[in-house]
Amino acid sequence: MFSAFFRSTLVALVASAVAVSAAPGLQLALSGADKVDGLNNLKIIATVTNTGDETLKVLNDPRGPLSQMPTETFAISHDSGAVPAFTGVRVKYVPSVAAKVGKEDAFTILAPGESINVEHDLSAAYNFTSSGAGQYSFAAVNRFHFVDPETGAPVELYADQPDAHVASVSGPLSIARRSVTKRETYTGMYTKQYYETLQS
Ligand SMILES: *[C@@H]1O[C@H](CO)[C@@H](O)[C@H](O)[C@H]1NC(C)=O
(Lines give C-alpha, C1' and ligand atoms only; values in the text may rest on other atoms or scores of the structure.)
Protein backbone atom coordinates (compact mmCIF):
# COMPACT_ATOMS: atom_id res chain seq x y z
CA MET A 1 0.00 0.00 0.00
CA PHE A 2 1.31 3.49 -0.82
CA SER A 3 1.83 5.90 2.01
CA ALA A 4 0.17 9.28 1.67
CA PHE A 5 3.57 10.74 0.78
CA PHE A 6 4.12 8.41 -2.16
CA ARG A 7 0.59 8.86 -3.33
CA SER A 8 0.89 12.64 -3.47
CA THR A 9 4.31 12.41 -5.12
CA LEU A 10 2.84 10.17 -7.77
CA VAL A 11 -0.04 12.55 -8.38
CA ALA A 12 2.37 15.48 -8.67
CA LEU A 13 4.52 13.61 -11.21
CA VAL A 14 1.51 12.70 -13.34
CA ALA A 15 0.23 16.26 -13.16
CA SER A 16 3.55 17.70 -14.30
CA ALA A 17 3.77 15.22 -17.17
CA VAL A 18 0.43 16.29 -18.66
CA ALA A 19 0.47 19.96 -17.74
CA VAL A 20 0.48 22.32 -20.70
CA SER A 21 3.04 25.05 -20.36
CA ALA A 22 2.15 28.72 -20.55
CA ALA A 23 4.85 29.24 -23.17
CA PRO A 24 4.43 27.91 -26.73
CA GLY A 25 5.92 24.43 -27.10
CA LEU A 26 6.27 21.62 -29.60
CA GLN A 27 7.33 18.02 -29.18
CA LEU A 28 8.81 15.92 -31.93
CA ALA A 29 8.75 12.10 -31.95
CA LEU A 30 9.93 9.68 -34.64
CA SER A 31 8.51 6.22 -35.17
CA GLY A 32 8.63 3.39 -37.67
CA ALA A 33 9.62 -0.24 -38.07
CA ASP A 34 12.59 -1.28 -35.94
CA LYS A 35 13.79 -3.73 -38.63
CA VAL A 36 13.87 -2.62 -42.24
CA ASP A 37 14.74 -4.82 -45.21
CA GLY A 38 15.78 -2.56 -48.06
CA LEU A 39 16.19 1.19 -48.11
CA ASN A 40 12.99 1.48 -50.18
CA ASN A 41 11.15 0.35 -47.04
CA LEU A 42 12.77 2.88 -44.72
CA LYS A 43 9.85 5.11 -43.79
CA ILE A 44 9.85 7.25 -40.67
CA ILE A 45 6.82 8.99 -39.24
CA ALA A 46 7.49 12.33 -37.61
CA THR A 47 4.84 13.31 -35.06
CA VAL A 48 4.73 16.97 -34.10
CA THR A 49 2.58 17.83 -31.07
CA ASN A 50 1.58 21.21 -29.73
CA THR A 51 2.48 20.98 -26.02
CA GLY A 52 1.66 24.60 -25.25
CA ASP A 53 -1.64 26.23 -24.36
CA GLU A 54 -2.23 28.27 -27.49
CA THR A 55 -3.00 27.32 -31.08
CA LEU A 56 0.11 27.53 -33.25
CA LYS A 57 0.30 28.26 -36.96
CA VAL A 58 3.53 26.44 -37.78
CA LEU A 59 5.37 27.00 -41.07
CA ASN A 60 5.75 23.89 -43.26
CA ASP A 61 9.47 24.49 -43.66
CA PRO A 62 10.67 22.23 -46.53
CA ARG A 63 13.89 21.66 -44.55
CA GLY A 64 12.04 20.20 -41.58
CA PRO A 65 9.81 17.28 -40.57
CA LEU A 66 6.49 18.93 -41.52
CA SER A 67 7.44 18.71 -45.20
CA GLN A 68 7.92 15.52 -47.20
CA MET A 69 10.38 17.22 -49.49
CA PRO A 70 13.58 15.08 -49.58
CA THR A 71 15.79 17.62 -47.84
CA GLU A 72 18.35 16.87 -45.12
CA THR A 73 15.66 16.52 -42.45
CA PHE A 74 17.34 13.72 -40.51
CA ALA A 75 20.61 13.30 -38.64
CA ILE A 76 21.43 9.62 -39.02
CA SER A 77 24.26 7.58 -37.62
CA HIS A 78 25.24 3.91 -37.68
CA ASP A 79 26.38 2.29 -34.41
CA SER A 80 29.91 2.51 -35.86
CA GLY A 81 29.54 6.29 -36.14
CA ALA A 82 29.30 6.16 -39.95
CA VAL A 83 26.82 8.52 -41.57
CA PRO A 84 24.87 7.74 -44.77
CA ALA A 85 25.39 9.98 -47.79
CA PHE A 86 22.80 12.71 -48.31
CA THR A 87 21.50 12.56 -51.89
CA GLY A 88 18.36 14.73 -51.67
CA VAL A 89 17.68 18.36 -52.43
CA ARG A 90 18.88 21.50 -50.72
CA VAL A 91 16.48 24.39 -50.57
CA LYS A 92 16.59 28.06 -49.83
CA TYR A 93 13.68 28.99 -47.61
CA VAL A 94 13.01 32.27 -45.92
CA PRO A 95 10.48 31.96 -43.06
CA SER A 96 9.66 35.68 -43.00
CA VAL A 97 8.71 35.63 -46.70
CA ALA A 98 6.79 32.37 -46.33
CA ALA A 99 4.83 33.81 -43.40
CA LYS A 100 4.03 36.96 -45.38
CA VAL A 101 2.96 35.17 -48.59
CA GLY A 102 0.69 33.12 -46.38
CA LYS A 103 -0.53 30.45 -48.77
CA GLU A 104 -2.87 27.84 -47.21
CA ASP A 105 -0.45 24.95 -47.67
CA ALA A 106 2.40 26.91 -46.13
CA PHE A 107 1.27 26.17 -42.55
CA THR A 108 0.16 23.46 -40.18
CA ILE A 109 -2.29 24.67 -37.57
CA LEU A 110 -2.08 22.82 -34.26
CA ALA A 111 -4.44 23.39 -31.35
CA PRO A 112 -3.10 22.72 -27.83
CA GLY A 113 -2.54 18.96 -27.48
CA GLU A 114 -3.04 18.37 -31.20
CA SER A 115 -0.56 16.31 -33.26
CA ILE A 116 0.21 15.78 -36.91
CA ASN A 117 1.99 12.76 -38.43
CA VAL A 118 4.14 13.20 -41.53
CA GLU A 119 5.65 10.16 -43.22
CA HIS A 120 9.12 10.43 -44.70
CA ASP A 121 10.61 8.13 -47.34
CA LEU A 122 14.31 8.18 -46.50
CA SER A 123 15.31 6.43 -49.73
CA ALA A 124 14.58 9.71 -51.52
CA ALA A 125 17.27 11.58 -49.60
CA TYR A 126 19.94 9.16 -48.38
CA ASN A 127 22.24 6.43 -49.66
CA PHE A 128 23.28 3.95 -46.95
CA THR A 129 25.69 1.90 -49.10
CA SER A 130 28.95 3.13 -47.64
CA SER A 131 27.78 3.37 -44.02
CA GLY A 132 26.55 -0.24 -44.35
CA ALA A 133 23.90 -2.55 -42.90
CA GLY A 134 23.26 -2.51 -39.17
CA GLN A 135 21.68 -0.45 -36.45
CA TYR A 136 21.07 3.26 -37.00
CA SER A 137 19.74 6.05 -34.87
CA PHE A 138 17.65 8.85 -36.35
CA ALA A 139 16.87 12.34 -35.11
CA ALA A 140 15.11 15.08 -37.06
CA VAL A 141 15.63 18.81 -37.49
CA ASN A 142 13.77 20.27 -34.51
CA ARG A 143 13.80 23.94 -35.49
CA PHE A 144 10.37 25.31 -36.31
CA HIS A 145 8.77 28.72 -36.80
CA PHE A 146 5.26 29.67 -35.88
CA VAL A 147 3.51 32.84 -36.97
CA ASP A 148 2.98 35.41 -34.25
CA PRO A 149 -0.77 36.12 -34.41
CA GLU A 150 -0.26 39.81 -33.65
CA THR A 151 2.72 40.76 -35.80
CA GLY A 152 2.48 38.08 -38.50
CA ALA A 153 6.21 37.51 -38.11
CA PRO A 154 7.74 34.06 -37.73
CA VAL A 155 8.97 33.12 -34.26
CA GLU A 156 11.66 30.46 -33.91
CA LEU A 157 10.77 27.50 -31.69
CA TYR A 158 12.86 24.40 -31.03
CA ALA A 159 10.79 21.24 -30.40
CA ASP A 160 11.64 18.88 -27.56
CA GLN A 161 12.85 15.63 -29.04
CA PRO A 162 13.30 13.28 -26.09
CA ASP A 163 14.26 10.10 -27.95
CA ALA A 164 16.09 9.12 -31.10
CA HIS A 165 14.42 6.50 -33.30
CA VAL A 166 16.47 3.31 -33.67
CA ALA A 167 16.16 0.81 -36.53
CA SER A 168 18.31 -1.88 -38.06
CA VAL A 169 18.62 -1.63 -41.81
CA SER A 170 19.63 -4.44 -44.19
CA GLY A 171 19.11 -5.42 -47.82
CA PRO A 172 19.62 -3.00 -50.74
CA LEU A 173 21.01 0.18 -49.16
CA SER A 174 20.45 2.63 -51.99
CA ILE A 175 17.88 3.06 -54.70
CA ALA A 176 18.08 4.89 -58.00
CA ARG A 177 16.03 8.08 -57.90
CA ARG A 178 14.42 9.86 -60.77
CA SER A 179 16.81 12.68 -61.49
CA VAL A 180 15.98 16.07 -60.06
CA THR A 181 16.87 18.87 -62.42
CA LYS A 182 19.14 21.54 -61.08
CA ARG A 183 17.29 24.51 -59.65
CA GLU A 184 13.97 22.75 -60.13
CA THR A 185 11.27 24.86 -58.60
CA TYR A 186 8.28 23.25 -56.97
CA THR A 187 5.94 25.97 -58.12
CA GLY A 188 2.92 23.75 -57.61
CA MET A 189 3.56 23.60 -53.90
CA TYR A 190 5.54 26.68 -53.08
CA THR A 191 5.90 30.20 -54.24
CA LYS A 192 9.04 30.80 -56.24
CA GLN A 193 9.83 33.92 -54.23
CA TYR A 194 10.69 32.01 -51.13
CA TYR A 195 11.43 28.54 -52.28
CA GLU A 196 13.85 27.09 -54.79
CA THR A 197 16.06 24.05 -54.85
CA LEU A 198 19.71 24.89 -55.00
CA GLN A 199 21.10 21.58 -56.20
CA SER A 200 20.01 18.05 -56.89
C1 LIG B 1 25.11 4.78 -53.39
O2 LIG B 1 26.44 4.98 -52.97
C3 LIG B 1 27.34 3.99 -53.50
C4 LIG B 1 28.68 4.20 -52.80
O5 LIG B 1 29.10 5.52 -52.85
C6 LIG B 1 27.40 4.12 -55.00
O7 LIG B 1 28.29 3.17 -55.55
C8 LIG B 1 26.00 3.89 -55.55
O9 LIG B 1 25.99 4.10 -56.95
C10 LIG B 1 24.99 4.84 -54.89
N11 LIG B 1 23.65 4.45 -55.32
C12 LIG B 1 22.84 5.25 -56.01
C13 LIG B 1 21.52 4.69 -56.40
O14 LIG B 1 23.15 6.39 -56.32
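Preceding block: the structure.
Rules and cut-offs
- Residues numbered from 1 in each chain as written.
- Predicted model: local features only at pLDDT ≥ 70, side-chain atom pairs only at ≥ 80, totals over all residues.
- Heavy atoms only, no water.
- Near = heavy atom within 4 Å.
- Polar contact = N/O pair within 3.5 Å; in protein donor to acceptor, adjacent residues only side chain to side chain.
- Areas by Shrake-Rupley, 256 points an atom, 1.4 Å probe, with all protein chains shown as cover.
- Nonpolar A, V, L, I, M, F, W, Y, C, P; charged D, E, K, R; others polar.
- Pairing = 2+ DSSP bridges.
- Helix = DSSP H or I, 4+ residues; strand = E, 2+ residues; numbered from the N terminus.
- Axes fitted to C-alpha atoms, helices over the stretch in contact; angles between N-to-C directions.
- Phe/Tyr/Trp six-rings, centres within 6.5 Å; stacked < 30°, edge-to-face > 60°.
- Buried < 20%, exposed > 50% of the residue type's maximum accessible area, 1.4 Å probe, protein only.
- Lys NZ or Arg CZ within 6 Å of the ring centre and 35° of its normal.
- Salt bridge = Lys/Arg side-chain N within 4 Å of Asp/Glu carboxyl O.

(A) Quick look at the site of the ligand. With respect to spatial proximity, the complete set of residues near the ligand consists of N127, T129, S174, I175 and A176. Separating an oxygen atom of the ligand from a side-chain N or O atom of N127 is a distance of 2.3 Å. The contact in question runs from a nitrogen atom of the ligand to an N or O atom on the side chain of S174, over 3.0 Å. Here the ligand, which alone exposes 360 Å², has 41% of that area covered by the protein. Its residues assigned to classes, the shell around the ligand comprises two nonpolar, three polar and no charged.

(B) Local environment of the sheet that holds strand β3 (residues 43-50). The strand order across the open sheet formed by three strands is β1-β3-β9, and the pairing between neighbours is antiparallel. Both outer strands of the open sheet, β1 (26-31) and β9 (115-121), are each paired with one neighbouring strand and no more. This sheet shows a mean twist of 20° between the axes of neighbouring strands, independent of strand direction. Bridging between β3 and β9 involves seven bridges; their strand directions are antiparallel. Across the sheet, residue K43 finds its bridge partner in β9, namely D121.

(C) The side chain of N60, seen in detail. Here N60 shows up in the loop between β4 (56-59) and β5 (74-78). Of the polar contacts made by the side chain of N60, one reaches the backbone oxygen of D105; its length is 3.0 Å. Only 3.2 Å separates the side chain of N60 from the backbone oxygen of F107, close enough to count as a polar contact.

(D) Summary view of the packing of aromatic side chains. All chains considered together, the criterion is met by three aromatic pairs. On the basis of an interplanar angle of 65° and a centroid distance of 5.6 Å, the ring pair of F86 and Y126 is categorised as edge-to-face. Of this pair, F86 sits in strand β6 (residues 85-86) while Y126 sits in strand β10 (residues 126-127), and the two are 40 residues apart along the sequence. Owing to a relative accessible area of 19%, F86 belongs among the buried residues under this scheme. We classify Y126 as buried; its relative accessible area is 4%. Summarising the aromatic geometry, the rings of F128 and Y136 are spaced 4.8 Å apart at their centres and angled 65° between planes, so their arrangement reads as edge-to-face. The class of F128 is buried, set by a relative accessible area of 0%. Connected via pairs of aromatic rings, a cluster forms that spans F128, Y136 and F138. Sitting over the face of the ring of F107, K57 holds its NZ or CZ atom 4.4 Å from the ring centroid.

(E) Just the sheet that holds strand β11 (residues 134-140), in detail. Ordered by their spatial adjacency, four strands build an open sheet running β2-β14-β11-β5, and the pairing between neighbours is mixed. Looking along the sheet, the strands with just one partner apiece sit at the ends: β2 (35-37) and β5. Mean inter-strand twist for the sheet, computed between neighbouring axes without regard to direction, equals 30°. In terms of strand pairing, β2 meets strand β14 (residues 165-170) through three bridges, oriented parallel. The residue bridging K35 from the neighbouring strand is S168, located in β14.

(F) Local environment of the pattern of salt bridges. Scanning all chains against the criterion turns up three salt bridges. Measuring nitrogen to oxygen at the nearest pair gives 2.8 Å for the salt bridge that ties R63 to D61. For R63, a relative accessible area of 27% puts it in the partly exposed group. Its salt-bridge partner being R143, residue E156 comes within 2.7 Å of it at the nearest N-O pair. Within this pair, whereas E156 is found in strand β13 (residues 154-158), its partner R143 is found in strand β12 (residues 143-147), the two being separated by 13 residues in sequence. Residue E156 is classed as partly exposed on the basis of its relative accessible area, which comes to 41%.

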